[in-house]
Structures are given as structure tokens and as C-alpha cells.
Amino acid sequence: MREENPAENRSNKDRRGSDRRSAGEPKSDSERRVGDRRKHERRIYQNPKQLNFIRFLKEKGLYPYEKAYDQPDGPEVIFEGKNIINLASVDYFNFAQNSEIKKAACAAVKKYGAGGFSSRYSMGNLRIHMDLEEKLAEFMGKESILIFNSGYLANLAVITSIMPKNATIFLDQKCHLSIHHACLLSGKKYHRFGNNDMAALERMLQAHRDDPEKWIVTLGVFSSNGILGKLDEIAVLARKYKARIFIDDAHGVGVYGDRLRGAAEHFGVLDEVDLIMCPFQMAFGNIGAFLVGKRYLLQPAHTETWPYIFTYNIPPVCAVSIRKALEILDRKGASLQKKLRRNVAALRDRLKAMGYEILNPEGHIIPILIGDEVLVCRFAHFLFERGVWVQPFFYPAVPKGKAMVRVTCTIGHTFQELERAAGIFAEARKNLGLE
Ligand SMILES: Cc1ncc(COP(=O)(O)O)c(C=O)c1O
């Protein structure tokens, strides 16, 4: 019998219109914000208006991305010979610069060479990769694991290949772009709910309660503002409606949980989450990603998942470095978490006292609301010129008129550095009329 392809069975309303809902029910604010499916699909690819805006920023010398610096210098970077305090990094534990890890990496380069080999399927599977997988699965307390060369690909693999063909996906609107792209590419039925809007999610689950394979997809920690996904409430809904859970916990693993297993551990629902994805660039200071979960979900991926098979594995030097980072996290993770929180609190308190509007009162990411799209770029430019690097976000990454900068501390920043950075933030408020 021919297997059902949900993409072929979708009605136009399912494909283009908003999500199925009971007739006559008024939309909540968050449902209105989620908006129309067609507009959303246009927004997740660069459109001519956005490209024009980028062109305008480049002409004005305000384009804030792709700056080529000379080299890192601890928690700072050297740009054209000048030191800039790096408050844009997500290498929270400064593992990319850790001397123990660098020593292990140098030894690995001598033994294995500088680069990669091939795909896992071919010549790219070394014993150190297998060893890393085993230790990571143990660290996360999950039965099975796969390593990918990027989080983007891992998300693509989960949505397009690992979830069954008849899956109905319910995803938080603020999921990473890779998840939105994967949903579109997968041809599966998917429905978006407003950020952390549990009432909207429940309404969707209720409307689709007879669908056989329901998957709730969200982030452990939302990357622009550091707010946690409501995983405790999601676990309750998943139980009630017999849905499975996939979380992308890029910014949660290592930072949250007594055993550093991330947001799901923090909420006490680790066992109820079916799949967790985490890139290595955050808590491990490296490149690639892992995906952990139940064996029955991940085992077939070795032969059936193209984003796993048709791409190179992470190079051995990365596997060795990540393995060393894991060892350090195991040894002194709690004290690293404490140090990170102390640094974040020190800077957040200073910024709040200056009158900046901080969109999240807690957590390890400090999101500052600026509002206007051009102003946020002027703001980031002003800071950079004076020696502080922050990450600006503007539409479509955040809603129109809600442009913001993301400020991230690492354990490597000294109080003197944070104090110096705070002084520059104060200057920016005065000079750009933000007071
Ligand atoms: C939440 C989240 N998911 C996925 C990714 C993608 O990971 P990668 O850069 O390894 O492709 C990122 C990257 O910033 C992220 O923040």
C-alpha cells in the first residue's frame, strides 16, 4: 500500500490559512501576532524589502554583521589592532580559549591532522567520535545520540526525517529559523502557536486530538531574550494529548539544571522529552551539534536521515576538544554556572540602574529593547566604536519596532571589563538620546 504523504493531502486552507480553530472563537493577542501562514512563509526567507534595508545599512556604514576581526583575546577580540570587549559571544564558559582544551586540541592535531575526513557513512567515523557520543549520551541521561556538523542540520534532520511522515507539528513561533525552514521543507502539517502561549497550544492539540503523531516543538531557552520555554506546562499537555516533545536547547544545556542537562532538567521533565538538540557552540565552545533521545527514534537515522548521511562529520580535533569540555563540565560545572550567573547579574544590575529596558529580568541572556531598526544599528555601531561588541536583532528576527540588542557575558569577563563596558553603555544612552 502506498504510504500517505500528508503534504498531498493538505487542503488549501491547511496549507495557506491560519491554523484550524473552533468557529467563532475570538483570537487571543498572541494568536493575532502569529498571523497568517503565507506572510510567515515569506518572512522566513530574505525578501526584497529586507535586502533593501541591508543595502541601506551598508551604505551608511551601519551594517552590524560579518565584521572580520583579527583574533580573540580571552573574553575580548582584537579588531584592527584594538581590543573590543566581546559581549556577543555564546561561548559562555570560554571553552574556545580554555588552556586545557587548547592543549588537548594541539595533541589531537598532531595525531589526527588539522581538518576533517569524510561523512560518518564513509571515512569520517573515528573511535573518538563514538567515545564522544557515548559520554554525551551519559551526560544527558538519554539512551541514544547522533552528532551532526551543525545545529541547523540537526533540526532539519529531526523535522524532515526523524519525525514520522504522518507527524503533525505544533511549534512555538519563536523557534529557531532552522526549525521553521525544516517544517516548510518537510511537507508535514505544522501549526504555529504564539511564544509560550499554552492556551493556544492546547486549543491546537484539542483541534487535532485525533491526529496519530503529534509533536510539540519548542526551545529550552529562547535565543534572542533568554526566556525559558514553559517545558513543565508543555509536558502536562503532551501527557494529556499523547503528544511527543522535541526541544532545541541550544542555550540551556550546561547553563541550566543541577547536572547541567539544560532546561528540561531545570523543569524536572527530562524523561518526558523525546528528543533534545544542542549545538556545541554554546556550552562546549565548539562547532557541530548533538541530538539525544530514545533509541527507537534515533537508531534508524543512521541509514535513513540524509542531513546525517550526506554531510561531513565534525573533524577529530573538534571531537577531542568537545570531549575535554565535557570532562571540565563534569568536574566543575556547578562553579562555572555560578560564575556565569555572577557576571550576568553584575552587568544586568548596572544596565538596569542606567534605565535601559531589559526584556528579561533573569536568565543568562540580557536583552535590551531599543525599538527602532536603524537606531539599534546606530547603537551597536556606537558601542563597537568605543570598544564593546553586542549582537543586534531587528525585523524579521524580532517584531517590527521591537529591535533589541542581545548582551551575553561569559565566565572569562573580569569585573573591571564589565565595569568598562557599563561605562560605554552609559555614554551610548547620553549620545543617542535614549535617556
Ligand atoms: C536556538 C538555536 N538553534 C539552532 C542553532 C543553529 O546551530 P548551528 O549554528 O550549529 O547551526 C542556533 C544557532 O545560533 C540556535 O541559537
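Structure: see above.
A few points about the overall build of the protein
Of the regular secondary structure elements, the protein holds 18 helices and 14 strands. Its C-alpha atoms give the protein a radius of gyration of 22 Å, within 12% of the compact-globule value 22 Å for 435 residues. Considered along the principal axes of its C-alpha atoms, the protein spans approximately 65 × 55 × 40 Å. The buried share of the protein, taken over its 435 residues, is 46%.

Thoughts on unusual backbone geometry
Residue P396 is reached from Y395 by a cis peptide bond, and omega for that bond is 10 degrees. Tracing the sequence through the fold places P396 in the loop between β13 (391-393) and β14 (403-408). The backbone phi angle of N94 is positive, close to 50 degrees, even though this residue is not glycine. Its location among the elements puts N94 in the loop between β3 (82-86) and α6 (99-112). Not every positive phi belongs to a glycine, and K242 is a case in point at roughly 50 degrees. With respect to the secondary-structure elements, K242 resides in the loop between α11 (231-241) and β8 (243-248).

So, helix α9 (residues 177-186)
Because an α-helix completes one turn every 3.6 residues, residues spaced three or four positions apart along the sequence face the same direction. Of all the positions in α9, only S178, I179, H180, A182, C183 and S186 are classed as buried. Taken together, the buried residues of α9 touch α8 (151-162), β5 (167-172), β6 (189-193), β7 (213-219) and β8. Taken from the residues just after α9, G187 is the one with a positive phi, measuring 75 degrees.

Topic: the sheet that holds β14
The sheet built from 3 strands is open, its strands ordered β11-β14-β13 with antiparallel pairing. Since the sheet does not close on itself, it has two edges, and those belong to β11 (365-371) and β13, each with one partner. On average, each strand axis in the sheet is inclined to that of its neighbour by 25 degrees, with strand direction left out of account. Judged from the 3 bridges that link them, β13 and β14 form a sheet pairing that is antiparallel. Across the sheet, residue F393 finds its bridge partner in β14, namely M404. In this fold helix α16 (residues 316-354) packs onto β11 and β14, with an angle of close to 25 degrees to the strand it touches most, β11. Running at roughly 30 degrees to β14, helix α17 (residues 373-386) makes contact with β11, β13 and β14 of the sheet.

Things to note about the site of the ligand
Around the ligand sit 13 residues, and of these S150, G151, Y152, A250 and P279 come closest. At 3 residues, α8 tops the list of elements feeding residues into the shell around the ligand. When its residues are assigned to classes, the shell around the ligand shows 5 nonpolar, 7 polar and 1 charged.

Description of the sheet that holds β5
Taken together, the 7 strands give an open sheet; going across it, the order is β4-β10-β9-β8-β7-β5-β6, and neighbouring strands pair in mixed fashion. Across the chains shown, the open sheet's two edge strands, defined by having one partner strand only, are β4 (144-148) and β6. Going from strand to strand, the sheet's axes swing by 20 degrees on average, the running direction of each strand aside. Bridge count for strand β9 (residues 275-279) against strand β10 (residues 289-293) is 5 bridges, and the pairing is antiparallel. Bridging from a neighbouring strand, P279 pairs with A289 of β10. Of the strands in this sheet, β7 and β8 are in contact with α11, which crosses β8 at around 155 degrees.

What counts and what doesn't
- Residues numbered from 1 in each chain as written.
- Predicted model: local features only at pLDDT ≥ 70, side-chain atom pairs only at ≥ 80, totals over all residues.
- Helix = DSSP H or I, 4+ residues; strand = E, 2+ residues; numbered from the N terminus.
- Rg over C-alpha atoms; globule rule 2.2 N^0.38 Å.
- Buried ≥ 20, exposed ≤ 12 C-beta atoms within 10 Å, placed from the backbone.
- Contact = placed C-beta atoms within 7 Å.
- Pairing = 2+ DSSP bridges.
- Axes fitted to C-alpha atoms, helices over the stretch in contact; angles between N-to-C directions.
- Near = placed C-beta within 6 Å.
- Nonpolar A, V, L, I, M, F, W, Y, C, P; charged D, E, K, R; others polar.

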